[in-house]
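Secondary and tertiary structure notes
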Amino acid sequence: MNKKNLTDMPEWKALEAHYEKVKELHMRDMFASDSERAARFSIKAEGIYFDYSKHRINEETMRLLIALAKASGLQEAIEDMFSGKKINNTENRAVLHTALRAPKDAAVNVDGVNVIPEVHAVLDKMEKFANKIREGSWKGFTGHPIKNIVNIGIGGSDLGPVMAYEALKDYSRRDLTFRFVSNIDSTDFFEAVEGLNPEETLFIVASKTFTTLETMTNAKTAREWCLNALKDEKAIAFHFAALSTNAKAVSDFGIDTANMFAFWDWVGGRYSMESAIGLSTMIAIGPDNFKKLLEGFRSIDNHYRTAPFEKNIPVIMALLGIWYADFYGAQGMAVLPYEQYLKRFPAYLQQLTMESNGKGVTRDGRKVNYETGAIYFGEPGTNGQHSFYQLIHQGTKLIPCDFIGFAKPLHAIGRHHDLLMANVFAQAEALAFGKTKEQLEAENEKPDLIPHKTFEGNRPSSVFLLEKLTPETLGKIVALYEHCVHAQGIIWQLDSFDQWGVQLGKILAGKIAPELENKEIPELRHDSSTNSLIAEYRRMRK
Ligand code: G6Q
């Protein structure tokens, strides 16, 4: 592990000096002076065309960034992750989401045990279960086939399944209804079961720990909802399945462990969508499509592990993020999928990136003196263009963008797709090249409007172009970001795989809940603001 403070590394200092030389360079000039720029800064790999030429970089920038990655021990760190070393320091755990998509004949050892046979045993069990639901041979307590699948989970046990279901809806069984409950807000549960017949409904309780307050509260409510209609405890075995690492808690809850699909502590919640947590996805799209999803992940795993850094898409993504965060002081990062089915992808990515690299201390506990993970946000195109893109084009902040587009639409209707993709290319072009005062003058623009209509340009973006949204390409896109997060975490010297930041609020909510529920107002011992809020809440509730 690299113990030297990042900003003391000679490779970092070289980048600082280089930044001073290139910071004012404009993409307009860099493109004008190099007709090969697009070819120089693009990668074709695994069916992805990744164009990163519209960035504030030159060859020297990339050479220095790659030198930083190498000096940070990234190549060794990649091997450490893939080979099952316990790289999640603070929890002393291996980080092996890559084992979830490894082929049957692979071998990855954790504590001396090859985990691949277990991974495939669970996948086989999921396949049998998914097929029974899809064929209608899994019957509910009263003999009705299951028509509705409700996934109850939160965070990593929700965002991946929701995103994957929405992304792959076109591949899903349209005669089955899929709903997702995550929030402890009762409205979420209320709406998720609205109109559903309990006799035809299967709840999948997805929780790695099987202790999470939101999920357990929703699961208990689901249990009552089911029992209210079916009036028999025996019904639970027919209408509940669990996805968890905690067999004891699953059986204490009353779910038959025969209907439990296991995973392991080396699968982080936000890295779990292709583990048992993907059961709803497998039921929706079928086991064959689920296998294609895994193949997509696997192809990018191989790419990340073997491609030289100069041609390694997740490594380049990671380095560009570091270049803007740490040298240009960029705070944000927009991810803009031009594919309506990817509408939940930015939300999914927010957790993946921000829970992983939203850290302020290094793996060995030193406070960092540099910027780490960016604020990720996004919306599917073209909707974002009529909303927040204004700030990206003309605001005072530098926000690098990732545009994701596909050559073929899933629904070819009229001109829609070419118009959609014209917007991807136009946005990236406008951000990079802008519109100058001279151009506006040549168009006889009114002088007082010229400052408002000037676009400085020089705003960076990458374009990811793939053939079509499929289970396989979805797996590829997710894996690109997973590995980008890993590479950034290594260079920033973070533990990208813990999430202590979620703990404090949970503990405090646990203390406050009884203070809201008790009939007698207990003495409130919080700060004056929290005390007043609790008192006002109680007054309004009366
Ligand atoms: C993800 C986090 C977190 C987790 C949820 C749900 O990486 O660990 O988002 O997924 O808190 O946890 P359970 O699956 O244990 O209910």
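Below is a short write-up of the structure. (Residues numbered from 1 in each chain as written. Predicted model: local features only at pLDDT ≥ 70, side-chain atom pairs only at ≥ 80, totals over all residues. Heavy atoms only, no water.)

**Focus: the pattern of salt bridges**
This is how it is decided: Whenever a carboxyl oxygen of Asp or Glu lies within 4 Å of a side-chain nitrogen of Lys or Arg, that contact is scored as a salt bridge. Think of it this way: any DSSP run of H or I at least four residues long counts as a helix, any run of E at least two long counts as a strand, and we number them from the N terminus.
Within the structure shown, the criterion is met by 32 salt bridges. Among the salt bridges present, the one from Lys70 reaches Glu310, with a minimum N-O distance of 3.8 Å. Here Lys70 is found in helix H4 (residues 59–71), whereas its partner Glu310 is found in the loop between helix H14 (287–306) and helix H15 (313–327), with 240 residues between them in sequence. A salt bridge links Lys435 to Glu443, with the nearest nitrogen and oxygen atoms 3.0 Å apart. One continuous salt-bridge network, built from bridges that share partners, spans Arg101, Glu274, Asp301 and Glu482.

**As for helix H10 (residues 213–230)**
Heads up, the rule is: The span one expects for a helix is its residue count, reduced by one, times 1.5 Å. A 1.4 Å probe rolled over the protein chains alone gives each residue an accessible area, and that area as a share of the maximum for its type sets the label: buried under 20%, exposed over 50%, partly exposed in between.
Taking 1.5 Å of rise per residue, the 18 residues of H10 would be expected to cover 26 Å, and the 25 Å separating its terminal C-alpha atoms lies within 8% of that figure. All of the buried residues along H10 are Thr215, Met216, Asn218, Ala219, Ala222, Arg223, Trp225, Cys226, Leu227 and Leu230. Just downstream of H10 lies Lys231, where phi reads positive at about 55°.

**A short note on the pairing of strand S12 (residues 401–406)**
Rules: Any two strands between which DSSP finds at least two bridges are classified as paired.
A large share of S12 lies buried, amounting to 6 of its 6 residues. A two-sided burial pattern is seen for S12, the buried positions comprising Cys401, Phe403 and Gly405 on one face and Asp402, Ile404 and Phe406 on the other. Looking at chain direction, strand S10 (residues 332–337) and S12 are connected through 4 bridges and run parallel. By the bridge assignment, Leu336 is partnered in S12 with Phe403. Inspection of the sheet shows S12 paired to strand S13 (residues 461–466) by 6 bridges, in the parallel sense. Each residue of the ladder has a partner; that of Phe403, found in S13, is Val463.

**Comments concerning the packing of aromatic side chains**
Worth spelling out the cut-off: Within 6.5 Å between ring centres, the rings of Phe, Tyr and Trp (the latter by its six-membered ring) count as paired, and their orientation is classed by plane angle as stacked under 30 degrees, edge-to-face over 60, tilted in between.
Counted by the stated rule, this structure contains 30 aromatic pairs. Ring geometry for Phe50 against Tyr52: centres 5.3 Å apart, planes inclined by 20°, an arrangement best described as stacked. Here Phe50 matches Tyr52 in class, with each residue buried. Ring geometry for Tyr338 against Phe403: centres 6.0 Å apart, planes inclined by 55°, an arrangement best described as tilted. Taken together, the residues Tyr338 in the loop between S10 and helix H16 (345–357) and Phe403 in strand S12 connect sequence positions 65 residues apart. Overall, the relative accessible area of 0% leaves Tyr338 in the buried class. Feature note: the residues Trp12, Tyr19, Trp323, Tyr324, Phe327, Tyr328 and Tyr370 constitute an aromatic cluster, connected by ring pairs.

**Description of the site of the ligand**
Worth spelling out the cut-off: For this description, a residue counts as near a given molecule or strand if any of its non-hydrogen atoms is within 4 Å of it. The definition of a polar contact used here is a pair of N or O atoms within 3.5 Å, where within protein one atom must be able to donate a hydrogen and the other to accept one, and adjacent residues in sequence count solely through side-chain atom pairs. Working definition of accessibility: Shrake-Rupley area with a 1.4 Å probe, residue cover restricted to the visible protein chains.
The full set close to the ligand counts 13 residues, and Ser157, Ser207, Thr209, Thr212 and Gln351 are the nearest of them. A distance of 2.9 Å separates an oxygen atom of the ligand from a polar atom in the backbone of Gly156. Contact distances for the ligand include 2.7 Å between an oxygen atom and a side-chain N or O atom of Ser157. Against a free-state accessible area of 400 Å², the protein chains account for coverage of 88% of the ligand.

**Digging into the sheet that holds strand S8 (residues 240–244)**
To keep things clear, this is the line we draw: All axes are obtained by fitting lines to C-alpha atoms, using only the stretch in contact for helices, and the reported angles, taken between N-to-C directions, cover 0 to 180 degrees. In what follows, a contact means two residues having at least one pair of non-hydrogen atoms within 4.5 Å.
Reading across the sheet, the 5 strands line up as S6-S5-S7-S8-S9 and stay open at both edges, with parallel pairing between neighbours. Of all strands in the sheet, those with a lone pairing partner are strand S6 (177–181) and strand S9 (260–262), marking the two edges. Strand after strand, the sheet turns through a mean of 20° between neighbouring axes, direction not considered. Relative to S8, strand S7 (residues 201–206) runs parallel, the two being bridged by 4 bridges. Among the inter-strand pairings, Val205 is bridged to a residue of S8, identified as Ala242. Where H10 meets the sheet, it contacts strand S5 (148–152), S6, S7 and S8, and its direction lies at approximately 160° from that of S7.

**Remarks on the environment of Ser528**
Relative to the elements of secondary structure, Ser528 occurs in helix H23 (residues 528–541). Placed 74 residues apart in sequence, Ser528 and Thr454 show a C-alpha to C-alpha distance of 49 Å.

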